[in-house]
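# Observations on the model geometry
Here are the chains, one letter per residue:
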Amino acid sequence: MGKNRFKGRSLTVIADFSLEERLYLFEKTRELKALLKEKNKEKLEAFRINNGDFGVYEVFLESSTRTKESFKNASEFHRVKLSNLDVSASSINKKESYADTFNTLSGYDNSVFIVRSRLEGVCRWLEKNGREFAGRNGMDVPPSFINAGDGKHEHPTQELLDEFTFLEKLNGDRSSIHIALIGDLFHGRTVHSKVQGLNVFNSVSVDLVAPPQLALPDHYQKEMEAKGYKVRVFGSIEEYLGQKEIAGIWYFTRPQLERMGDDILKIADSLRARITFKREYMDRIPSGTVFYHPLPRHKEHPTIPAFLDSTSLNGWEEQSMNGKLVRIVLLGLVSGKLGDDFKAEFEKPEEKEEPFIEEIQAGSGRTPKRYSEGVNPITNGIVIDHICRGDDEKEIREHMSRIIRVMKLFGKGGEWISSSKEKPGTMKGIIFRPGAEAPDESTIKRLAAIAPGATLNVIGNGKIVKKLRLSLPPRVYNLESMSCKNPDCISHPSHKENVLPEFTRISEDTLKCDYCEKVHTFREVWN
Ligand code: CP
């Protein structure tokens, strides 16, 4: 039998589990649900971790009923050691870092941490930090971190139970789904997890129903479209019901207006009205429609009013109960109890890293006619050319100042903006530094990160001795003067968690934060 691929794994975002792994988890949950229904005690034993030394630790820095209590009940099913950090009385209040807190608890033989925090990307950071801690301390298996909701970022275990529930409603048919996402799509982390989570279905139609103030952030919508989902946008339920293609699955989310400041609070009633189901809509929805909601719902202003509880629209109660089952299976997987029989059929091969610094042979050794120091051509030094090619002059000038500051290119020389020779009217920036030494490899990588698309010319004895074309590196990390600009990201300097920023390239000029997944242009990440 091979190594269990789930043991010691973390679930920080839904994409941490491949589609095949999620389908396997759903299959196990279906089996478990059937065994519980038939009260098959003997077969249920095969699902239990049954080890009083296996430690599950709940750390909830924000309120929760369903996520926290379903993990607690799932742990009781497994007969494991369950602990719960009393956050309000913990040393987090003495400004202890997350790293120190979780390292301490990992050292007390705890294997799985269920973490809810307003800080986005916290579990990704804890996973990385936990691996290093385990390595330093000779632990065989690093601790697992399960994201129980991080700010407005993701809620992957909710996503698992949502998709499991949708599949149940569709009798396991994965061919297509038509779903309406209604409510606060801006803050709704359960909605954000759906961007990836809905790929359980081969064909996806998503109707986004929210007033503009609560709309899904643009990058999530673009990601859905890039995945081939058919996306439509509506400003209210009223508007949605005014057309004919109405989804059979409605997924409501709680409006989190309290996060949006006084201007929004003034119009809270009108925003809420647009995403609240009304009695008069009853005869306008297709038969067989089912409503879901991650819950909680507001007792005074529920978007799914209580009169619907006893109707066939009520899918949210079954959905909530499925939460415990999905979480039993998830704990079983990361403990290594379940998963030995998983077979991967369609795993993607590892992608090869592309080079991002290309030496251009043509022209090497020629005399640089265009680069001048006053009236004289440069004899020795460097010239960075084609900076921000195609941008407007103001942007080019601002970014050249940034490059000079970050790369410490102070001293003799200058910078200017000129029109491209090949494409007149297209602007580009040029920085020249006569006398500057040829940069070393790590400086060139840094330059590639801040000036992708530029060329670096090294000039010696009046000739170009080296010419490099720079592209954005696939990974940008361990560099000074950069940070994620999401104030809620665990790596944001304001939180003082000492988390160095790390980014992954997602296009030729954009980077995604490895922690909170905020997308930045390459210009924005620099301080
Ligand atoms: N769905 C959900 O996360 O609910 P709780 O906030 O009660 O955990």
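None of these values were measured; they are calculated from a predicted model. (Residues numbered from 1 in each chain as written. Predicted model: local features only at pLDDT ≥ 70, side-chain atom pairs only at ≥ 80, totals over all residues. Heavy atoms only, no water.)

Let's shift gears to the overall build of the chain. When helices and strands are tallied, the chain shows 15 helices and 21 strands. For the chain, the C-alpha atoms occupy an extent of roughly 90 × 60 × 50 Å along the three principal directions. The 527 residues of the chain split such that 53% are buried. A sequence separation of at least 24 residues applies to 74% of the contacts in the chain between residues at least 6 apart. (Helix = DSSP H or I, 4+ residues; strand = E, 2+ residues; numbered from the N terminus. Buried < 20%, exposed > 50% of the residue type's maximum accessible area, 1.4 Å probe, protein only. Contact = heavy atoms within 4.5 Å.)

Attention shifts here to the pattern of salt bridges. Counting across every chain of the model gives 36 salt bridges. The salt bridge involving R118 is made with D488; its shortest N-O contact spans 3.6 Å. One end of the pair, R118, is in the loop between β3 (112-117) and α5 (122-136); the other, D488, is in the loop between β18 (475-477) and β19 (502-507), with 370 residues separating them in the sequence. Taking relative accessible area as the criterion, D488 reaches 24% and is therefore assigned partly exposed. Between D385 and K428 there is a salt bridge; the shortest N-O distance is 3.1 Å. Taken together, the residues D385 in strand β13 (residues 381-387) and K428 in strand β15 (residues 427-434) connect sequence positions 43 residues apart. (Salt bridge = Lys/Arg side-chain N within 4 Å of Asp/Glu carboxyl O.)

The sheet contact formed by strand β1 (residues 55-60) and strand β2 (residues 81-84) spans four bridges and is parallel. Each bridged residue has a counterpart across the sheet, and for V56 the counterpart in β2 is L82. In the classification by handedness, the crossover that spans β1, the intervening helix α3 (residues 66-78) and the parallel β2 is right-handed. (Pairing = 2+ DSSP bridges. Right-handed = clockwise from strand over helix to strand, strands pointing away.)

This part covers the domain arrangement of the chain. Accessible area lost upon the coming together of the parts is a frequently used measure of interface size. The domains assigned to the chain are domain 1 (14-151 + 324-335), domain 2 (156-316), domain 3 (357-473) and domain 4 (476-521). Its C-alpha centre places domain 1 at a distance of 50 Å from the equivalent point of domain 3. (Domains from an automatic or database assignment.)

With that out of the way, let us pick up the nonpolar core. Taken as a class, soluble globular proteins show a tendency for nonpolar side chains to be buried jointly. W250 and F291 are the most contacted members of the largest nonpolar core, which has 86 residues in total. Looking at which element gives the most residues to this core, the answer is helix α13 (residues 316-335), with nine residues. Looking at which domains feed residues into this core, each of domain 1 (14-151 + 324-335) and domain 2 (156-316) supplies at least three. The contact partners of F291, leaving out residues within four places of it in the chain, are W250, F252, F277, I285, I304, L308, L313, N314, G315 and W316. In terms of nonpolar packing, the next biggest core, distinct from the first, is built from 57 residues, V115, C123, A449 and A451 among them. (Core = buried A, V, L, I, M, F, W, Y, C linked by side-chain atoms within 4.5 Å.)

Moving on: the pairing of strand β8 (residues 249-252). The two faces of β8 match: I249 and Y251 on one face and W250 and F252 on the other face are all buried. Examined bridge by bridge, strand β5 (residues 176-182) and β8 share four bridges and lie parallel to one another. The partner of I182 across the bridge, within β8, is F252. Where β8 lies against strand β9 (residues 290-292), three bridges are found, and the strand directions are parallel. Note on β9: the bridge partner recorded for I249 is V290.

This next bit is on the sheet that holds β13. Read from one edge to the other, the open sheet built from six strands follows the order β10-β17-β16-β13-β15-β14, with strand pairing classed as antiparallel. Across the chains shown, the open sheet's two edge strands, defined by having one partner strand only, are β10 (357-359) and β14 (414-419). Strand-to-strand, the axes of this sheet are offset by a mean angle of 20°, without reference to chain direction. Pairing between β14 and β15: six bridges, direction antiparallel. Bridged to I417 within β15 is G429. Its contacts with the sheet place helix α15 (residues 441-450) against β10, β13, β16 (455-460) and β17 (463-470), and it is angled at close to 55° to β17. (Axes fitted to C-alpha atoms, helices over the stretch in contact; angles between N-to-C directions.)

So, about helix α9 (residues 218-226). Every buried residue of α9 is listed here: Y220, Q221 and M224. Buried residues of α9, viewed axially, fall in a sector of 100°; they line one side. Within α9, the exposed residues directed more than 90 degrees away from the buried face are K222 and A226. The inward-facing, buried residues of α9 contact β5, α7 (189-192), α8 (194-197), β6 (203-209) and β7 (230-234). (Arc of directions from axis to C-beta.)

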